[in-house]
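Below, each chain spelled out in residue letters.
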Amino acid sequence: QVQLVESGGGLVQPGGSLRLSCAASGFTFSNYAMSWYRQAPGKERELVATISSGGGSTRYADSVKGRFTISRDNAKNTVYVQLNSLKPEDTAVYYCNADGGPKYFYWGQGTQVTVSS
């Protein structure tokens, strides 16, 4: 049974930081590219960051470049995203995603990040 369990969300002031974690189980984690998406109220879900299966390649949305860092630990079956210099517009539910191809595309349940003073 595939599971992706996010944690680390919360309320933070503008300019603050958070680290989100996503613990994976039920599939061969090291074979999957992993991503973080987010969805703000009334908006479509958008890709935030992606990391390749081996961790050697990363990509970011323009809106988060230089502020967010995605990483993974294949020994722990966990992917992370460090959120720095947070802005109110970063407020959203953040979702972990595992991509092993069209038949192997999994989502976590999401974790809320709220940036507000």
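You'll find the structure just up there.
Only a predicted model underlies this, so the values are computations on that prediction, with no experimental measurement involved.

Caption draft 1: Local environment of the overall build of the protein. Looking only at helices and strands, the protein has zero helices and 11 strands in total. The globule rule puts the C-alpha radius of gyration for 117 residues at 13 Å, and the 13 Å found for the protein is close to it. Taking the principal axes of its C-alpha atoms as reference, the protein extends roughly 40 × 25 × 20 Å. In the protein, of all internal contacts separated by at least 6 residues, the share reaching a separation of at least 24 is 53%. For the protein, the accessible surface area stands at approximately 6,100 Å², while carbon and sulfur atoms represent 46% of it. Across the protein, the mean location of the 11 positive side-chain charges is 3 Å away from that of the 8 negative side-chain charges.

Caption draft 2: Quick look at the sheet that holds strand β7 (residues 68-73). What the four strands build is an open sheet, ordered β1-β3-β8-β7; its pairing is antiparallel. One side of each edge strand has no neighbouring strand; the edge strands of this open sheet are β1 (3-7) and β7. Taken pair by pair, the neighbouring strands of this sheet meet at an average axis angle of 15°, ignoring direction. Note that strand β3 (residues 18-25) and strand β8 (residues 78-83) share six bridges and pair antiparallel. For Ala-23, the partnering residue across the bridge sits in β8 and is Thr-78.

Caption draft 3: Geometry of the state of the cysteines. For the coordinates displayed, the defined rule picks out one disulfide. A sulfur-sulfur distance of 2.1 Å marks the disulfide that ties Cys-22 to Cys-96. Between Cys-22 and Cys-96, the disulfide has an S-S torsion of -80° and is therefore left-handed. Of this pair, Cys-22 sits in strand β3 while Cys-96 sits in strand β9 (residues 92-99), and the two are 74 residues apart along the sequence. Taking relative accessible area as the criterion, Cys-22 reaches 0% and is therefore assigned buried. When its relative accessible area of 0% is taken as the criterion, Cys-96 is described as buried.

What counts, and where the lines are drawn
- Residues numbered from 1 in each chain as written.
- Predicted model: local features only at pLDDT ≥ 70, side-chain atom pairs only at ≥ 80, totals over all residues.
- Heavy atoms only, no water.
- Helix = DSSP H or I, 4+ residues; strand = E, 2+ residues; numbered from the N terminus.
- Rg over C-alpha atoms; globule rule 2.2 N^0.38 Å.
- Contact = heavy atoms within 4.5 Å.
- Areas by Shrake-Rupley, 256 points an atom, 1.4 Å probe, with all protein chains shown as cover.
- Lys, Arg positive; Asp, Glu negative; His and termini not counted.
- Charge placed at Lys NZ, Arg CZ, Asp CG, Glu CD.
- Pairing = 2+ DSSP bridges.
- Axes fitted to C-alpha atoms, helices over the stretch in contact; angles between N-to-C directions.
- Disulfide = S-S within 2.5 Å.
- Buried < 20%, exposed > 50% of the residue type's maximum accessible area, 1.4 Å probe, protein only.

Everything listed here is a matter of geometry and, on its own, says nothing about what the molecule does.
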